[in-house]
Every structure is written in structure tokens, then in C-alpha cells.
Amino acid sequence: MKLRDLGERAILDYLIPRLSRAGGYLGPGDDGIDYLPRGRIVVTGDMLVESTDVPAGAPLESVGWKALTASMSDLAAKGARPLLAYVEMGLPPEMDFEGLEAIWRGIERARERYSVLVVGGDTNASRELVLGVFALGEAGRPVPRGGSRPGDLIGVTGPFGRAAAGLHSVLTGDTDPTWEPLRKSFLWPEARVEAGLVSSKYATGMIDSSDGLAKSLYDMSRLSGLGYVIEVLPLDDDVKRYAVSHGLDPERLVLGGGEEYELIITFDPENEGALREELQSVGCRLQVIGRVIDRRGVWLLRNGELIEVPELGWFHFGA
């Protein structure tokens with residue numbers, strides 16, 4: 001059955017019983033929720049739009065997962081523990097009800113993964129699928145993007161380029177099982193919530209890499225007024241093999257791919273050992289990729305020479 005045949009009331013009757021209760025006076029189905037915070041509240045939001053964010057053939061369950069994961073990743077980058085999320089849904093009237101069920105299953109899977117309460121939202125008819133997630137988290141010490149200091153090291157929580165290679169595989173209709181882990185990296189990314197929490201004790205600056213490594217570092221540079229030198233590309237073997245077999249530039253996949261949801265962390269070199277140990281305790285391996293310098297911009301160290309990196313990555317409203 002199409003959503004236009006069901007109507008808004010039936011859609012709400014499906015969604016409201018599946019919402020969490022925040023423990024206050026106001027519950028699911030009310031105009032809002034009330035929540036008594038215990039620490040510093042971090043607020044963030046992200047939007048997923050079908051025409052720019054959902055390639056043809058992507059499972060709708062993964063779309064729901066990614067919509068919630070994007071906001072969880074923003075909270076992770078601030079060192080915040082997820083608390084509450086609101087999901088705003090623009091739904092095409094021609095969508096089958098099974099499509100809505102699949103999207104919500106993905107949201108529920110992400111809700112369980114990140115231990116966040118999905119407490120409400122809104123629905124509306126839309127020409128294309130739009131999912132907006134507004135999220136609240138709690139942090140003892142929120143970490144800014146622009147807090148880096150000259151001499152800091154730059155670390156990441158995982159390799160880059162996997163999601164970009166996976167997206168290329170999806171867009172080209174590649175079904176080779178060899179590349180299934182790369183496709184999974186794009187369709188089912190994981191926010192580094194636990195890594196963000198432990199890193200917040202040591203990080204001077206932190207950002208997630210959803211827009212790409214180069215663009216994320218430029219965003220940090222704009223706020224800190226400093227430079228970020230990449231000395232070692234965080235490239236893994238699967239991405240390198242995929243790039244070679246498909247005639248792609250692995251360096252570009254790493255610098256401009258995006259959608260990794262890894263954390264980029266700057267920190268004092270004296271804290272490297274402690275940070276590495278704590279990240280290992282939550283299943284992450286710290287890779288030091290460079291250092292912060294007192295010169296605005298983003299650079300790649302190649303053969304002893306600093307090469308300026310173009311601001312590759314995802315830009316809304318861009319060509």
C-alpha cells in the first residue's frame with residue numbers, strides 16, 4: 001500500500017508506539033519531550049536528502065541507519081555521549097509502506113547501536129525522501145574543531161577511502177564479492193562514539209571525517225588559524241587494490257572521499273601513549289598521520305617538500 005493511501009494518521013499510529021520515553025512528564029506523541037540534563041548539553045543535527053545522499057540501489061534500511069549515524073558521529077566528534085534524537089521525515093506519497101518500515105528498522109538498529117533514545121519527530125509529504133535528525137548529547141568537556149596548537153600531532157581512528165571506493169562500487173553496479181566490505185563501509189558506516197568519549201580527555205581539536213579528510217582539515221584550519229601537515233596517508237590495502245583494479249587515484253579517494261565517520265584528533269605528543277591505549281580499549285587503533293604547524297592551510301609532505309592539498313571533499317550547493 002502507498003503512503004498516500006494510508007494517510008498521516010496511520011503513519012503516526014505506526015511510528016509513535018516505536019518511540020522511546022525520555023523519563024519526563026511528556027511522552028511519545030506529545031508536542032515535545034522534557035529532559036533534565038546532568039552535564040553540558042551538546043546539540044547537533046544532520047539531514048539526509050535522497051537526490052544527493054542516496055545512490056540508486058541503496059537499501060532503505062541502510063538509509064535509516066545512516067541518517068541517525070550522521071548525527072551520532074557529530075556528537076562523537078565533540079566527545080559527547082548520545083542521549084536523545086528527533087527524526088524529521090519527508091516521505092514521498094508514492095512510497096510503499098514497506099519502504100517506511102525498512103527505513104524505521106534502520107533507525108531502530110542505529111538506536112540500539114548507539115544507546116540513544118529516539119523520542120519524537122515529525123512527518124510530512126515530500127517530493128523526495130528527506131530525513132533530518134536533531135540530536136542531544138552530554139559531555140564533560142566538549143572538544144572544539146579549532147582548538148589545535150602548533151606542535152600537536154594529528155591522529156585518526158581508522159583508514160580513509162573505504163566508503164568512497166564502496167560508493168563507486170555501488171554506483172557502477174559492481175557485485176564482485178571481493179569488494180563487499182567496501183560497499184558495507186559506505187552503506188553501513190559506524191560513528192566512533194566510544195572513541196570520541198575517551199579521546200575528549202586528550203584532544204585539543206576534533207572533527208569527524210564525513211565530508212572527507214582534506215575538507216575536514218580545512219574546516220579545522222579555518223577555526224584554528226593553523227596548518228595541518230599530512231605526513232602519512234591513512235590508506236588501507238583494500239582501497240589501494242580497488243583503486244588499481246578500477247583505474248582510480250587512491251590518494252584522491254583518501255583525501256576527498258568522505259563518508260568514513262572516522263575521527264580526526266589533534267593532541268599533545270606527550271599524550272600519544274595514553275590516547276593510543278584508551279582507543280585500543282574501545283576497539284580503535286590510533287594512526288598518527290601528521291602534525292599541526294603555525295601556517296594556515298592543509299599540506300602533504302612529499303619527498304621532504306610541503307605540497308598544498310586542494311580542498312577536496314563534499315560541498316553542498318557546489319558544482
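Residues numbered from 1 in each chain as written. Predicted model: local features only at pLDDT ≥ 70, side-chain atom pairs only at ≥ 80, totals over all residues. Heavy atoms only, no water.

Peer 1: Even after reading the chapter, I still don't get the side chain of Lys 78, so can you show me in this structure?
Peer 2: Position of Lys 78 among the secondary structure elements: in the loop between helix H4 (60–77) and strand S2 (81–91). Salt bridges are absent for the buried Lys 78, whose nearest opposite-charge side chain, Asp 74, sits at 7.9 Å. Discounting residues that sit within four places of it in the chain, Lys 78 has contacts with Val 42, Ala 139, Arg 141, Pro 142, Val 143, Pro 144, Arg 145 and Met 206. (Helix = DSSP H or I, 4+ residues; strand = E, 2+ residues; numbered from the N terminus. Buried < 20%, exposed > 50% of the residue type's maximum accessible area, 1.4 Å probe, protein only. Lys, Arg positive; Asp, Glu negative; His and termini not counted. Salt bridge = Lys/Arg side-chain N within 4 Å of Asp/Glu carboxyl O. Contact = heavy atoms within 4.5 Å.)

Peer 1: Sorry if this is basic, but what is going on with the sheet that holds strand S10 (residues 297–302) here?
Peer 2: By definition, the strands of a sheet pair up through backbone hydrogen bonds, in either a parallel or an antiparallel sense. What the 7 strands build is an open sheet, ordered S6-S8-S5-S9-S7-S10-S11; its pairing is mixed. A strand with exactly one partner marks an edge of an open sheet, and here the two such strands are strand S6 (203–208) and strand S11 (305–308). The average angle at which neighbouring strand axes cross in this sheet is 30°, direction not considered. Strand direction decides the pairing type here: strand S5 (residues 153–156) and strand S8 (residues 263–267), joined by 4 bridges, are antiparallel. (Pairing = 2+ DSSP bridges. Axes fitted to C-alpha atoms, helices over the stretch in contact; angles between N-to-C directions.)

Peer 1: Hey, could you run me through the pairing of S10 in this one?
Peer 2: Judged from the 4 bridges that link them, strand S7 (residues 227–230) and S10 form a sheet pairing that is parallel. Counted as the bridge partner of Val 229 is Trp 299 from S10. Summarising the sheet, S10 and S11 pair through 4 bridges and their orientation is antiparallel. Residue Arg 302 lies in a different strand from S11, and its bridge partner there is Glu 305. Counting the residues in the hairpin turn of S10 and S11 gives 2 residues, including Asn 303, whose phi is positive at 55°.

Peer 1: Looking at this structure, how should I read the pattern of salt bridges?
Peer 2: Once their charged atoms are close, side chains differing in charge can pair, the charge on each being opposite to the other. Counted according to the given criterion, the structure contains 24 salt bridges. The closest approach of N and O atoms between Arg 9 and Asp 13, which form a salt bridge, is 3.2 Å. Of the two residues, Arg 9 and Asp 13 both sit in helix H2 (residues 8–15), 4 residues apart, roughly one turn of that helix. On the basis of relative accessible area, Asp 13 is assigned to the partly exposed category, the value being 47%. Arg 109 serves as the salt-bridge partner of Glu 61, at 3.2 Å between the closest nitrogen and oxygen. Taken together, the residues span a long stretch of sequence, with Glu 61 in helix H4 and Arg 109 in helix H5 (residues 97–114) at a distance of 48 residues. Via salt bridges that share partners, Arg 145, Asp 211, Lys 215, Asp 219, Arg 222 and Glu 311 belong to a single interconnected network.

Peer 1: Could you clarify how one ought to interpret H2 in this entry?
Peer 2: Side chains of residues three or four places apart in an α-helix project in the same direction, reflecting 3.6 residues per turn. Considered for burial, the residues of H2 that qualify are Ile 11, Tyr 14 and Leu 15. Buried residues along H2 cover an arc of 90° about the axis, so they all sit on one side. (Arc of directions from axis to C-beta.)

Peer 1: When you look at the environment of Ala 56 in this model, what are you seeing that I'm missing?
Peer 2: On the secondary structure map, Ala 56 appears in the loop between helix H3 (50–53) and H4. Residue Ala 56 is classed as exposed on the basis of its relative accessible area of 70%. Placed 117 residues apart in sequence, Ala 56 and Gly 173 show a C-alpha to C-alpha distance of 9.4 Å.

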